[in-house]
Amino acid sequence: MNRKKQADLIQQMSDRELTIQLILTQLIILSLAGIGSFFLFDSFRDWMVLFQFTRSELIWFGLLPALIVLLIDFTLLYSLPRRFYDDGGINIKVFRNRSYLSIVGLTLLIAFSEEVLFRGVVHTEFGYIIASVLFAVMHIRYLDKIVLLVSVLFVSFFIGYMYEQTGSLVVTITAHFLIDFVLAVWIRMGKWGSREQV
């Protein structure tokens, strides 16, 4: 399915239908992480080690990278024509009418499930490059938008590097959550794509 058809389909869905689809997708990702963990890790203890962290790791490898990514995203958002970062209105449809509490829940679910699968399972077992590329490929709707594709590749490799440095899923979940949450709130406030440039 091409990006335009996907965007059209999403625009036709109600907020409830879209929420259900989003949650189901994340539960599938979380299930894949659980299955992968069961078969690839020797014990539950090996898995739980990935959730250890220190406060300094959380700040230097979670919070600070999230702020760097957000700074880059906002710079691109307000310096490039809208067509370069327009994903067909999908993110706007997902977050524009959502309550702030719902945004917290959804972005936390997304960050947790994607990081557990791509960093916790794929990165741990198959390496940094494979996990980072697969994470970017999952965002298939960005493949024909060079700015969005480069952005998601950068974020994927950047967060993957944070995982390389810390071995902590809490750190990467924090960074992922903060990025998604701030951008979703920006959309909710009506500020995403408000500048009309062609």
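In every chain, residue numbers begin from 1 and rise along the written sequence. The predicted origin of the model limits local features to residues at a pLDDT of at least 70 and limits the giving and counting of side-chain atom pairs to 80 or more, whereas totals for whole chains, interfaces and linings rest on all residues. Processing note: side-chain calculations cover all non-hydrogen atoms of the structure and skip hydrogens and water entirely.

**Q** Can you help me understand the side chain of S113 in this one?
**A** Note on conventions: DSSP H or I runs of at least 4 residues are helices, E runs of at least 2 residues are strands, and numbering of each starts at the N terminus. By secondary structure assignment, the location of S113 is in helix α6 (residues 100-126). Burial here depends on accessible area, computed with a 1.4 Å probe over protein chains only, as a share of the maximum for the residue type. Under 20% is buried, over 50% is exposed, and the range in between is partly exposed. S113 sits in the buried class, given a relative accessible area of 0%. Only heavy atoms enter the contact rule, under which two residues are in contact if any of them lie within 4.5 Å. The residues touching S113, leaving out its near neighbours within four places in the chain, are Q26, I29 and L30.

**Q** In this structure, what is going on with the nonpolar core? I would like to understand it.
**A** Soluble globular proteins tend to pack their nonpolar side chains together in the buried interior. W47, L117, L169, I179 and W192 are the most contacted members of the largest nonpolar core, which totals 50 residues. Apart from residues lying up to four places away in sequence, W47 is in contact with S37, F41, V116, G120, V121 and L169. Remark: nonpolar core denotes a set of buried residues (Ala, Val, Leu, Ile, Met, Phe, Trp, Tyr, Cys) joined through side-chain atoms within 4.5 Å.

**Q** I tried to follow a nonpolar patch on the surface on my own but got confused; where do I start?
**A** A cluster of nonpolar residues, I59, W60, L63, L64, L67, I68, I72 and F154, forms a patch on the protein surface that exposes about 690 Å² of accessible area. In terms of residue count, the dominant contributor to the nonpolar patch is helix α4 (residues 55-79) (7 residues). Position of L64 relative to the elements: it lies in helix α4. We classify L64 as partly exposed; its relative accessible area is 35%. Patch building starts from residues that exceed 30% relative accessible area and form no salt bridge, then joins like charges within 9 Å and nonpolar side chains (Val, Leu, Ile, Met, Phe, Trp, Tyr) within 5 Å. For accessible areas, the Shrake-Rupley method is used with a probe of radius 1.4 Å. Any residue's cover is judged against the shown protein chains and nothing else. Salt bridge criterion: a side-chain nitrogen from Lys or Arg within 4 Å of a carboxyl oxygen from Asp or Glu.

**Q** When you look at the layout of surface pockets in this model, what are you seeing that I'm missing?
**A** If a probe as big as a water molecule is rolled over the atoms, it shows which places are left empty. A 1.4 Å probe that fits into a set of points on a 1 Å grid over the protein atoms alone but cannot get out defines a cavity; an open set with protein on both sides within 12 Å along at least five of seven lines defines a pocket, and lining residues are those with an atom within 4 Å of a point. Grid points are joined across faces, edges and corners, and a volume is the space filled by probe spheres set on the points. Space inside the largest pocket adds up to approximately 1,200 Å³. As for the largest pocket, its lining consists of 46 residues, of which D87, N91, H139, R141 and Y142 are closest to the centre. Those elements that place two or more of their residues in the lining of the largest pocket are α1 (3-12), α2 (15-40), α4, α5 (90-95), α6, α7 (128-138), α8 (146-166) and α9 (169-188). Side-chain classes follow a simple rule in which Ala, Val, Leu, Ile, Met, Phe, Trp, Tyr, Cys and Pro form the nonpolar group, Asp, Glu, Lys and Arg form the charged group, and the remainder, Gly included, forms the polar group. Here the lining of the largest pocket is composed, by residue class, of 29 nonpolar, 10 polar and 7 charged.

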